[in-house]
Amino acid sequence: MTEHGSQEETDRQQIAKLIEGELPWDELRNDVLPDPKDGQRFETTREIIQSKVGWDDPVLVPLNDKLYAVGTDDGRRVRCECGHDFCDLDEHWKEHARVRVREDVEEMEEIYPQHQTPHPEWTFQLREWFCPGCFAQVDVDAVPATYPVKRAFDPDIDAFYEEWLGKPAPDRRDGAAD
């Protein structure tokens, strides 16, 4: 117990600040990333994320700041924080997203400072991916024009839970739908 409350509550508050992008660097480096890592950190993070979203299906893992792998009665899905389901987890969610592609100088100058845009002779694209449900920007790819659309993260959820955390994923636990 600290003078400001329990250590568990302090850790929970730090994780919440980390998720919101409000954790100062020195606190992140000294308190959140030390070795050995806190064995409960992932579950605490998952609980905080679960409390922020507006659905009851369990968040299995975050895929990025806006997208989650979620266990549902219909199987594992990729879901935006707004509740929009993109697709089954084994599908490529970007094929179900809206995309804006910036290729020319005028489009790049909308977001890059003057004289910091990619050279006009480069065949460079910014692909901005949006949720069809809430239109939040959920990812950005900065790639050569012909570069394929790839998944940044393809988690093996069962291996992660069983081999790393030593327990089944929340959607595989007793009473959970398969």
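In this text, all values refer to a predicted model and were calculated from it rather than measured experimentally.

Caption draft 1: Representation of the pattern of salt bridges in the model. A full pass over the atoms with the stated rule returns 20 salt bridges. Note that arginine 151 is salt-bridged to aspartate 154, the shortest N-O span being 3.1 Å. Residue classification places arginine 151 among the partly exposed positions, given a relative accessible area of 27%. With a closest N to O distance of 3.9 Å, arginine 172 and aspartate 171 form a salt bridge. Aspartate 171 sits in the buried class, given a relative accessible area of 5%. Counted as one network, the salt bridges with shared partners bring together Asp57, Arg77, Arg79, Asp85 and Asp88.

Caption draft 2: Seen up close, the packing of aromatic side chains. Counted under the stated rule, the structure contains five aromatic pairs. Look at phenylalanine 42 and phenylalanine 160: their rings are 4.9 Å apart centre to centre, the planes differ by 80°, and that puts the pair in the edge-to-face class. One end of the pair, phenylalanine 42, is in helix α3 (residues 41-52); the other, phenylalanine 160, is in helix α5 (residues 157-165), with 118 residues separating them in the sequence. Residues phenylalanine 86 and tryptophan 93 carry aromatic rings whose centres are separated by 5.6 Å and whose planes lie at 80° to one another, so their mutual orientation is edge-to-face. Like tryptophan 93, phenylalanine 86 is buried. Joined through ring pairs, the aromatic side chains of Phe42, Phe160 and Tyr161 make up one cluster. Geometry around tryptophan 55 places arginine 79 over its ring, the cationic atom sitting 4.9 Å from the centre.

Criteria and thresholds
- Residues numbered from 1 in each chain as written.
- Predicted model: local features only at pLDDT ≥ 70, side-chain atom pairs only at ≥ 80, totals over all residues.
- Heavy atoms only, no water.
- Salt bridge = Lys/Arg side-chain N within 4 Å of Asp/Glu carboxyl O.
- Buried < 20%, exposed > 50% of the residue type's maximum accessible area, 1.4 Å probe, protein only.
- Phe/Tyr/Trp six-rings, centres within 6.5 Å; stacked < 30°, edge-to-face > 60°.
- Helix = DSSP H or I, 4+ residues; strand = E, 2+ residues; numbered from the N terminus.
- Lys NZ or Arg CZ within 6 Å of the ring centre and 35° of its normal.

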